[in-house]
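Survey of secondary and tertiary structure
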Amino acid sequence: MKVTDGSSPKPGQYPAMASGHCPNCGDRFKRLGQHWTTSATCSHPPFSKAQTEIILGTMLGDGSIHDPPSARNVRFQVTSINRRFLQWMADELGIHSNEVSLHRVADTIEAQNQKSAPERLASGDYNIRDQYVLTTTRHPELNGFRDWYGDQKRFPDNLKLSPTVLGLWYACDGSLRWGTKGHQRPQAWIAATNEADRESYLGQLFESTPCDPTINDGRIMFTSDDTERLFEYIDAAPPGFEYKFETVSRERYFERKEAFYRRNTTTNATDGSSTTGGDRRS
Ligand SMILES: [Zn+2]
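From a predicted model like this one, the values you see are computed outputs, not experimental measurements.

Focus on the sheet that holds strand S5 (residues 101–104)
Pairing within the open sheet is antiparallel, and its four strands lie in the order S3-S4-S6-S5. The open sheet terminates on both sides in strands that have one partner only, identified here as strand S3 (63–66) and S5. Recorded for the sheet is a direction-independent mean angle of 40° between the axes of neighbouring strands. Bridge analysis of S5 against strand S6 (residues 131–135) gives three bridges, and the strand direction is antiparallel. Looking at S6, one finds that serine 101 is bridged to valine 133. Here helix H3 (residues 83–93) sits on the sheet in contact with strand S4 (75–80) and S6, set at roughly 10° to S6.

Description of the sheet that holds strand S10 (residues 219–221)
The pairing of strands in a sheet happens through backbone hydrogen bonds and is either parallel or antiparallel. Spatially, four strands are ordered S7-S8-S10-S9 in an open sheet, and the strand pairing comes out antiparallel. Only two strands of the sheet have a single partner each, and these edge strands are strand S7 (174–177) and strand S9 (214–216). For this sheet, the mean inter-axis angle between neighbouring strands, taken without regard to orientation, is 25°. Along the sheet, helix H6 (residues 163–173) makes contact with S7 and strand S8 (187–191), crossing S8 at roughly 85°.

Side note on helix H2 (residues 49–60)
Across its 12 residues, H2 extends 17 Å between first and last C-alpha, which sits within 8% of the 16 Å expected from 1.5 Å per residue. For H2, the full list of buried residues reads Ile54, Ile55, Leu56, Gly57, Thr58, Met59 and Leu60. Along its buried surface, H2 packs onto S3, S4, H3 and H6.

Quick word on unusual backbone geometry
A positive phi angle, near 55°, is found at aspartate 217, a position not held by glycine. Its place among the elements puts aspartate 217 in the loop between S9 and S10. Taking the number of C-beta atoms within 10 Å as the measure of exposure, aspartate 217 has 9 and is therefore exposed. For asparagine 268, which is not glycine, the phi dihedral falls at a positive 55°. Along the chain, asparagine 268 falls in the segment after helix H9 (250–264). Residue asparagine 268 is classed as partly exposed on the basis of its C-beta count, with 19 C-beta atoms lying within 10 Å.

Overview of the confidence of the model for the protein
Residues of the protein with pLDDT of at least 70 account for 85%, and the chain-wide mean is 86. Low pLDDT, under 50, characterises residues 272–282; the stretch is placed with 18 contacts to residues that sit more than four places away or in other chains.

So, how was this worked out
- Residues numbered from 1 in each chain as written.
- Predicted model: local features only at pLDDT ≥ 70, side-chain atom pairs only at ≥ 80, totals over all residues.
- Pairing = 2+ DSSP bridges.
- Helix = DSSP H or I, 4+ residues; strand = E, 2+ residues; numbered from the N terminus.
- Axes fitted to C-alpha atoms, helices over the stretch in contact; angles between N-to-C directions.
- Contact = placed C-beta atoms within 7 Å.
- Expected span 1.5 Å × (residues − 1).
- Buried ≥ 20, exposed ≤ 12 C-beta atoms within 10 Å, placed from the backbone.
- pLDDT = per-residue confidence, 0-100.

Structure follows, in structure tokens:
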């Protein structure tokens, strides 16, 4: 979370912690998570079913856990250029959520990529945006996600897709592919590179859904008909990711995608709240 590059604008070094009134004792705390961890009489309020599904679906995509060796409980976190999406998630997670904050500005990311992955910068369409981060309080109900991590992130054998879970997975790691000519229908696909060696597992996940995608080298591919069934099945787009759910026409899709970058992302913002999006260099 700490920004170590002194040359970049200085975002808040740590996300503002969830503060407010404890629903059990009614007292106000600056750090509710700490209160629930240390109190003899109050404990972490449970996640609702909807919140649990939001976390699970996002864990399939951009979500991860923060689990230093000293931590009794883990916390859920999401890093994304899509500030609108993180703000929506913060609202949905309510009392469990810390504030969305600026994680790394574009210039810092660019400098770090130059060291670690110069070939990414060489590709012309690589447009670097600021990264934002959302974290939750540390919570015992999240500790089961520790089982997802060994050498790399692995999905659990008992994973059950639902309209919310699959919708968030698609929002994070999915894309629409459009044909190049004429009035073609889009095809959705989801990247699951961490499970590329478990094709039958990935296929079986969809047996509880109306979709029957093809699995190829960690890519979950939907035909045009299957893509229609996918969008009938999953929840509506989470705020910030509307363009990925725009299947009416190629033109509208690219319009919405352009609007996504203009409205929901920033470049070298000076803090997480003062800008309303847009590329400050343009
Ligand atoms: Zn309390």
